[in-house]
Amino acid sequence: MNEIGVPFEISQPAISRHLKVLEQAGLIERDVDKQRRPTRLKAEPMAAAVNWLETFKQFWSSSFDRLDGLLEELKNSETKGRRK
Amino acid sequence: MSDLPTYVLDRVFDAPRELVWKTWTDPALLPRWYGPKVETIVHRLELKPGGLWLVEMRMGDRSMYQRVEYTDVAPPERLVWLHSSSDAAWNIIPSPMMANWPRVLLTTVTFKEDNGQTRMRLTWVPHEASEAEIACFAAAIGGADKGWAAGMELLAKLLAELQA
């Protein structure tokens, strides 16, 4: 774990806390190996999270495409209404 | 704002702001655009702080439910709500798709008028989330977020290097 701290200008306890959060979220995996704690990224949960956000975004942007159509329709009917 | 991971979605609608506002708040108009490829049923819509917007999205014989609680309603410029998945009795549940997805996302929508068009900004921030939920959200939004997620990416790269 000391190796992880070297390139970052943050304290060892801060890194330790960060890693704990990542582990709780299932995004990394850590072994207990006497003094050392070998750490691995878990690619699958990370990818699942990214994919899920993609689905969420897709939901909204497809909805917005429909909203474009609805707004067009409402604008047209308002214009007609005014002419009468 | 806080140091929580934030996701931002921008969109321009070619319509005046009052009209855009109406499509977001009128229970007769919402089902006509909200939720693509599903039958959207608005069970309740109380447009006031503390009011609920309860939506069912029907896909064949399966339904998904969303529970929205408005926290700020400022026509025609701002809507703020707490967004969650829910069961059929409108109790908040974790996302059926992602266990660690934030159960409640603070959703802010702002509308700005610009030469007859409307600039919309939608932001999502985890609300009263656990650290695991925040980490999951931060990982998902990845490069989109400057602060939190940039640190996550750096860490991810470093972890990859350490294993090489």
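Nothing here was measured: the structure is a model prediction, and the numbers come from that model.

So, on to the overall build of chain B. Tallying secondary structure elements over chain B gives 3 helices and 8 strands in all. Secondary structure of chain B in N-to-C order comes out as β-α-β-β-β-β-β-β-β-α-α. Here the analysis covers contacts within chain B between residues at least 6 apart in sequence; of these, 40% occur between residues at least 24 apart.

When helices and strands are counted, chain A shows 3 helices and 2 strands. The order of helices and strands in chain A, counted from the N terminus, is α-α-β-β-α. Here chain A, with 84 residues, has 13% of them falling under the buried criterion.

Residue and element names in this part refer to chain B. Residues with a pLDDT of 70 or more make up 85% of chain B, whose mean pLDDT is 86. Between the elements of chain B, mean pLDDT differs from a low of 53, seen in helix H3 (residues 148-163), to a high of 97, seen in strand E5 (residues 78-86). Scoring of the predicted complex yields 0.77 for pTM and 0.78 for ipTM.

A word on the interface of chain A and chain B. Counting residues at the interface gives 33 residues for chain A and 34 residues for chain B. Listing elements by their share of the side of chain A that touches chain B, those giving two or more residues are helix H1 (2-5), helix H2 (12-24), strand E2 (39-41) and helix H3 (43-83) of chain A. Examining the composition of the side of chain A that touches chain B, we find that 19 residues originate from one element, H3 of chain A, more than from any other. Tallied by class, the residues present in the side of chain A that touches chain B amount to 21 nonpolar, 6 polar and 6 charged.

Running from amino to carboxyl end, H2 of chain A crosses helix H2 (residues 131-141) of chain B at an angle of 85°, the nearest separation of the two axes being 8 Å. Relative to H2 of chain B, H2 of chain A is oriented roughly perpendicular. Here H2 of chain A contributes Val21, Leu22 and Gln24 of chain A to the contact with H2 of chain B, which in turn contributes Glu131, Ala132 and Ala135 of chain B. Residue composition of the contact of H2 of chain A with H2 of chain B, grouped by class: 4 nonpolar, 1 polar and 1 charged.

The next subject is H2 of chain B. Here H2 of chain B lies mainly inside the structure; 9 of its 11 residues are buried. Taken together, the buried positions of H2 of chain B are Glu133, Ile134, Ala135, Cys136, Phe137, Ala138, Ala139, Ala140 and Ile141 of chain B.

With that settled, the discussion passes to H2 of chain A. End to end, H2 of chain A covers 18 Å across 13 residues, agreeing with the expected 18 Å (1.5 Å per residue, within 8%). Positioned one or two residues after H2 of chain A, Gly26 of chain A has a phi angle of 75°, which is positive.

Right, let's get into unusual backbone geometry. All names here are of chain B. Residue Pro76 is reached from Pro75 by a cis peptide bond, and omega for that bond is -5°. As for its placement among the helices and strands, Pro76 is situated in the loop between strand E4 (62-74) and E5. Of note in this structure, Lys37 is not a glycine but carries a positive phi near 60°. Inspection of the secondary structure puts Lys37 in the loop between helix H1 (17-25) and strand E2 (39-45). We classify Lys37 as exposed; it has 9 C-beta atoms within 10 Å. In this structure, Trp90 is a non-glycine residue whose phi angle is positive, near 65°. Mapped onto the fold, Trp90 is located in the loop between E5 and strand E6 (92-93). When the 16 C-beta atoms within 10 Å are taken as the criterion, Trp90 is described as partly exposed.

With respect to the secondary-structure elements, Leu53 of chain A resides in helix H3. For Leu53 of chain A, a count of 21 C-beta atoms within 10 Å corresponds to the buried category. Setting aside chain neighbours within four positions, we find Leu53 of chain A in contact with Ala140 and Ile141 of chain B.

Further remarks concern the nonpolar core. The biggest cluster of nonpolar side chains holds 23 residues, and the ones touching the most others in it are Leu27 and Ala49 of chain A together with Ala135, Cys136, Ala139 and Ala140 of chain B. Elements with a minimum of two residues in this core: H3 of chain A together with strand E8 (117-126) and H2 of chain B. Counting residues per element, this core draws most heavily on H2 of chain B, which supplies 8 residues. Per-domain counts for this core show at least three residues from each of domain 1 (1-41) and domain 2 (43-84) of chain A. In terms of nonpolar packing, the next biggest core, distinct from the first, is built from 10 residues, Ala15, Trp33, Tyr34 and Phe111 of chain B among them.

Scoring rules and cut-offs
Residues numbered from 1 in each chain as written. Chains lettered and ligands numbered in written order. Predicted model: local features only at pLDDT ≥ 70, side-chain atom pairs only at ≥ 80, totals over all residues. Helix = DSSP H or I, 4+ residues; strand = E, 2+ residues; numbered from the N terminus. Contact = placed C-beta atoms within 7 Å. Buried ≥ 20, exposed ≤ 12 C-beta atoms within 10 Å, placed from the backbone. pLDDT = per-residue confidence, 0-100. Nonpolar A, V, L, I, M, F, W, Y, C, P; charged D, E, K, R; others polar. Axes fitted to C-alpha atoms, helices over the stretch in contact; angles between N-to-C directions. Parallel < 35°, antiparallel > 145°, perpendicular 65-115°, else oblique. Expected span 1.5 Å × (residues − 1). Core = buried A, V, L, I, M, F, W, Y, C linked by C-beta atoms within 7 Å. Domains from an automatic or database assignment.

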